Amino acid sequence: MKTFNLNATWNSVKRSIYKFSRNKISVVGFFMVLFVVIVAIFAPFLAPYPKHAGAFVDYKNASQPPSLAHPFGTDVFGRDILSRVMFAFRGALIMGLGVIAMIVPIGVFVGLIAGYYRGTWIDTVIMRITDIFITLPALILALAVAALLRPTLFNSMMAVAFAWWPWYARLTYGMASSVRNEVFVQAAETTGASKAHIIFKEILPNCLAPIFTKMALEIGWVILVGATLSFVGLGEQPPTPALGTMVSDGAKYLPHQWWISLFPALAIMFIILAFNLFGDGVRDMLTTEEV
Amino acid sequence: MSLLSFLARRLALAIVVLIGLSILLFLIARVLPGDPARIALGPRAPEYAVEALRKQMNLDKPLYTQYYLWISSLLKGDLGMSLLSRRPVQDDVKEYFPATFEEVLLAAIILSVGGIGLGILAAKYSNSWLDGIVRIFAYLGIVTPAFVWAIMLLLIFGYWVPIFPIQGRISPGVTLPPVITGMLTLDSLLTGNWVAFWDTLKHLILPSLALAMAPMAQAARIMRSSMCSDLGADHVAALTAYGVPENRILTKYLSRLSLIPTISIMSLDIISLFAAAFVVELVFNFPGLSRYGMQAILNKDLNAISGVLLIFGVLFTLITILIDLIVAYLDPRIRLQRKSI
């Protein structure tokens, strides 16, 4: 039975923060992520032209190059690209966080079961199924599934989740199958603990650090795949802005109206870079080696 | 365990996984879209025509019968008709695959030479400004989606400094080389057609570069970190003590050792090249198998989707096994261990 010690908890939080902040680049990543989240949440208040995030048309100001009034320029309908990018951060964040939230419980659960029943037919069946899914890269599988569903943000998230969960199952399986042989698991078994107790109370807590690390590192990749889906038109549909769609729409007007696709492209790079730097920091923080 | 029995085991496992993949793709193509016959004929076709096609496509039979019919014709080399091209899918695959193959091959060369070279440079001058530049480039490479690279390269080298063509495989005025392998660069080289060789190579460079950028950055990072950690090893200190020049240590002794982790992830890299090609070929309008697959996906061309994806699945499985064999061969620790057991 664990007793809750406030002081010890606070100390470990302090140590984690210290470990994270040791690397200045991770701190920069943290503030970049914070920036993206704030912009996404408060887009209606922060965007210079909130109305331009929808089906807005102003042909008088169409295809304007970057200026003070429109720092990122305007698109062919005369909509402010900066405002649209700010609103598009919302879809990108929902994509990244939503997919991770969908696949982690499924993947971890499946991996735990396979790890617990290591060496039995349950293990074999589950792990061969994950092998089948990862034969094709997540991007290809997600494209195929997304194409056969109606193109919406939610369906594109489902498609990415469908292709991505096996990686969490495999990671958890690797951890769980080695933790399963530890002495404390055997001790729990000897005292007659239930299977559920062993799987969730004994094995799971010892698998969490790499799972959290992988989550933090992968939000950026999920956003990248999501942007690729919306680039080919399989994500959020117009007039709602999506970063990938904005890049592909602007590509038709290259090279003269380069700003239409260049700034959304830079925004994609910014958001993925933010989560990557942040993820590196989380990895350093959760790595067990002591300071 | 000898290398041969290792190979046999891997192949047996691969067959099981590929059968599973065929079931998965069959289910995706049959269950998700609702009614394949309706998709084939479009929303305005009359109901009796859809009904007739449904019978013709065996959609009225139970799912396992449909799978059996599909897989048995597939084993005879028949992937069904493509809705889009109105030709057998296997003919389309034969026509489009060589283009993607030569593009990915060039990308793989760029990625290995660039990644390994940059990695060695960064390790040699570690913690200098050169290392910093390589690190920034590595981060940029990793966080930039392939389609963004494609658009940026198109903008810079296709429009602003127009030194490369912006689409297709060959310029309109250039005579096509006769089909030998289907790879235009190789065919024109074999027939001594230098004009066509140069022209087709120029068409390949931007798409291949767009594909190679992200994995190249990653390879450089892995190469650097594995070299830096090996630099502190005892045998390197011994070599330095014997007076072996630093460059020789780096290029001859260390790079070979550090190559192993870089090559181990190479199979993932090459597979990701084919995947990224789905979008990059679309941007450059490059008529390869990946663009064909992408168009099949966008047009819900079910036979073409499952055919192309299954062929890629077989290809990726073989690549993975091949790279594992190369690593096992290169790494004496793995090779000798196998022999001793």
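Residues numbered from 1 in each chain as written. Chains lettered and ligands numbered in written order. Predicted model: local features only at pLDDT ≥ 70, side-chain atom pairs only at ≥ 80, totals over all residues.

Chemist: I keep staring at the overall build of chain A and nothing clicks. Help me out?
Modeler: What chain A contains, in helices and strands, is 12 helices and zero strands. When the elements of chain A are put in sequence order from the N terminus, they spell out α-α-α-α-α-α-α-α-α-α-α-α. Across its three principal directions, the C-alpha atoms of chain A cover 80 × 45 × 25 Å. Per-residue burial for chain A yields a buried fraction of 47% across its 291 residues. Long-range pairs, those at least 24 residues apart, make up 68% of the contacts in chain A with a sequence separation of at least 6. (Helix = DSSP H or I, 4+ residues; strand = E, 2+ residues; numbered from the N terminus. Buried ≥ 20, exposed ≤ 12 C-beta atoms within 10 Å, placed from the backbone. Contact = placed C-beta atoms within 7 Å.)

Chemist: What should I look at first to understand the overall build of chain B in this one?
Modeler: Check the secondary structure of chain B and you find 15 helices and zero strands. Principal-axis analysis of the C-alpha atoms places the extent of chain B at approximately 85 × 60 × 40 Å. For chain B, with 341 residues in total, the buried portion stands at 38%. Sequence separation of at least 24 residues holds for 71% of the intrachain contacts in chain B that already meet a minimum separation of 6.

Chemist: Honestly, helix H5 (residues 89–124) of chain B in this entry has me stumped. Any pointers?
Modeler: Along an α-helix, a turn takes 3.6 residues, which lines up residues three or four apart on a common side. The terminal C-alpha atoms of H5(B), which comprises 36 residues, lie 50 Å apart, in line with the 52 Å expected from a rise of 1.5 Å per residue. If you look at H5(B), its biggest bend is around 35°, right at B:Tyr96, and the proline B:Pro98 turns up within four residues after that. (Expected span 1.5 Å × (residues − 1). Bend = angle between axes of the 7 residues up to and from the residue.)

Chemist: Just to check I follow, could you spell out the domain arrangement of chain B for this structure?
Modeler: Many descriptions give the size of an interface as the accessible area lost when the pieces come together. Along its sequence, chain B is organised into domain 1 (3–75) and domain 2 (91–298). For domain 1 of chain B versus domain 2 of chain B, the separation of C-alpha centres amounts to 35 Å. (Domains from an automatic or database assignment.)

Chemist: I tried to follow the interface of chain A and chain B on my own but got confused; where do I start?
Modeler: Of the residues lining the interface, 32 residues belong to chain A; the matching set on chain B comes to 37 residues. Of all the elements in the fold, those that place two or more residues in the side of chain A that touches chain B are helix H5 (121–135), helix H6 (138–148), helix H10 (208–231), helix H11 (243–251) and helix H12 (259–286) of chain A. Across the side of chain A that touches chain B, the residue classes tally to 25 nonpolar, five polar and two charged. (Nonpolar A, V, L, I, M, F, W, Y, C, P; charged D, E, K, R; others polar.)

Chemist: Honestly, the environment of A:Ile122 in this entry has me stumped. Any pointers?
Modeler: Residues and elements named next belong to chain A. Turning to its location among the elements, isoleucine 122 is positioned in helix H5. Residue classification places isoleucine 122 among the partly exposed positions, given that 13 C-beta atoms sit within 10 Å. When near neighbours in sequence (up to four residues on either side) are disregarded, isoleucine 122 contacts Ile113, Ala114 and Tyr117.

Chemist: Which parts of the structure should I look at to understand the environment of B:Thr191?
Modeler: All names here are of chain B. Structurally, threonine 191 can be placed in the loop between helix H8 (184–190) and helix H9 (194–231). The class of threonine 191 is partly exposed, set by 13 C-beta atoms lying within 10 Å. Linking threonine 191 and alanine 241, residues 50 residues apart in sequence, is a C-alpha distance of 53 Å. Excluding residues within four positions of it along the chain, threonine 191 makes contact with Pro177 and Pro178.

Chemist: Mind showing me how you'd approach the confidence of the model for chain A here?
Modeler: Residues shown with low pLDDT carry predicted positions that ought not to be read at fine detail. Looking at chain A as a whole, the pLDDT averages 88, with 97% of positions reaching at least 70. When the elements of chain A are averaged for pLDDT, helix H1 (residues 6–22) of chain A gives the smallest value, 80, and helix H4 (residues 81–116) of chain A the largest, 94. (pLDDT = per-residue confidence, 0-100.)

Chemist: Looking at this structure, how should I read the confidence of the model for chain B?
Modeler: All names here are of chain B. In this model, chain B carries an average pLDDT of 85, and 97% of its residues clear a pLDDT of 70 or more. The least confident element of chain B is helix H15 (residues 332–340), whose mean pLDDT is 60; the most confident is helix H13 (residues 289–298), at 91. Across the interface, the model reports ipTM at 0.87; the global pTM reads 0.89.

Chemist: Even after reading the chapter, I still don't get the packing of helix H8 (residues 183–190) of chain A against helix H9 (residues 195–203) of chain A, so can you show me in this structure?
Modeler: A packed helix pair is summarised by two numbers, namely the angle formed by the two axes and the spacing between the axes. All names here are of chain A. Here H8 crosses H9 at 150°, and the two axes come no closer than 11 Å. Taken as axis vectors, H8 and H9 run roughly antiparallel relative to one another. In this structure, H8 meets H9 at a crossing whose hand is right-handed. On the side of H8, the interface is formed by Phe184, Val185, Ala188 and Glu189, while H9 contributes His197, Ile198, Glu202 and Ile203. (Axes fitted to C-alpha atoms, helices over the stretch in contact; angles between N-to-C directions. Parallel < 35°, antiparallel > 145°, perpendicular 65-115°, else oblique. Left-handed = near helix turned anticlockwise from the far one by under 90°.)

Chemist: Got a minute to help me understand the nonpolar core in this structure?
Modeler: Most often, soluble globular proteins have nonpolar side chains that are buried together. Ranked by size, the top nonpolar core spans 165 residues in total, and within it A:Ala142, A:Leu143, A:Ala144, B:Ala150, B:Val279 and B:Val280 carry the most contacts. The element contributing the most residues to this core is H4(A), with 18 residues. Here this core gathers at least three residues from each of two domains, domain 1 (3–75) and domain 2 (91–298) of chain B. If sequence neighbours within four positions are ignored, B:Ala150 has contacts with B:Ala210, B:Val280, B:Val283 and B:Phe284. (Core = buried A, V, L, I, M, F, W, Y, C linked by C-beta atoms within 7 Å.)

Chemist: I keep staring at unusual backbone geometry and nothing clicks. Help me out?
Modeler: Most peptide bonds are trans, and most residues other than glycine sit at a negative phi. With an omega of 10°, the peptide bond running from A:Pro238 to A:Pro239 counts as cis. Examined against the element boundaries, A:Pro239 turns out to sit in the loop between H10 and H11. Between A:Leu254 and A:Pro255 the backbone carries a cis peptide bond, its omega angle lying at -5°. In this structure, A:Pro255 sits in the loop between H11 and H12. Phi at B:Arg86 is positive, roughly 55°, even though this residue is not glycine. Relative to the assigned elements, B:Arg86 resides in the loop between helix H4 (63–75) and H5.

Chemist: In this structure, what is going on with helix H7 (residues 153–179) of chain A? I would like to understand it.
Modeler: With 27 residues, H7(A) extends 38 Å between its outermost C-alpha atoms, agreeing within 8% with the 39 Å of an ideal straight helix rising 1.5 Å per residue. Across the 27 residues that make up H7(A), a large majority, 19, are buried.

Chemist: Looking at this structure, how should I read the environment of B:Tyr125?
Modeler: Residue and element names in this part refer to chain B. If you trace the backbone, tyrosine 125 turns up in the loop between H5 and helix H6 (129–143). Take tyrosine 125: there are 14 C-beta atoms within 10 Å of it, and that puts it in the partly exposed class. In this structure, the C-alpha to C-alpha distance between tyrosine 125 and asparagine 299, residues 174 residues apart in sequence, is 51 Å. Those residues in contact with tyrosine 125, other than ones at most four positions away along the chain, are Leu130 and Asp131.

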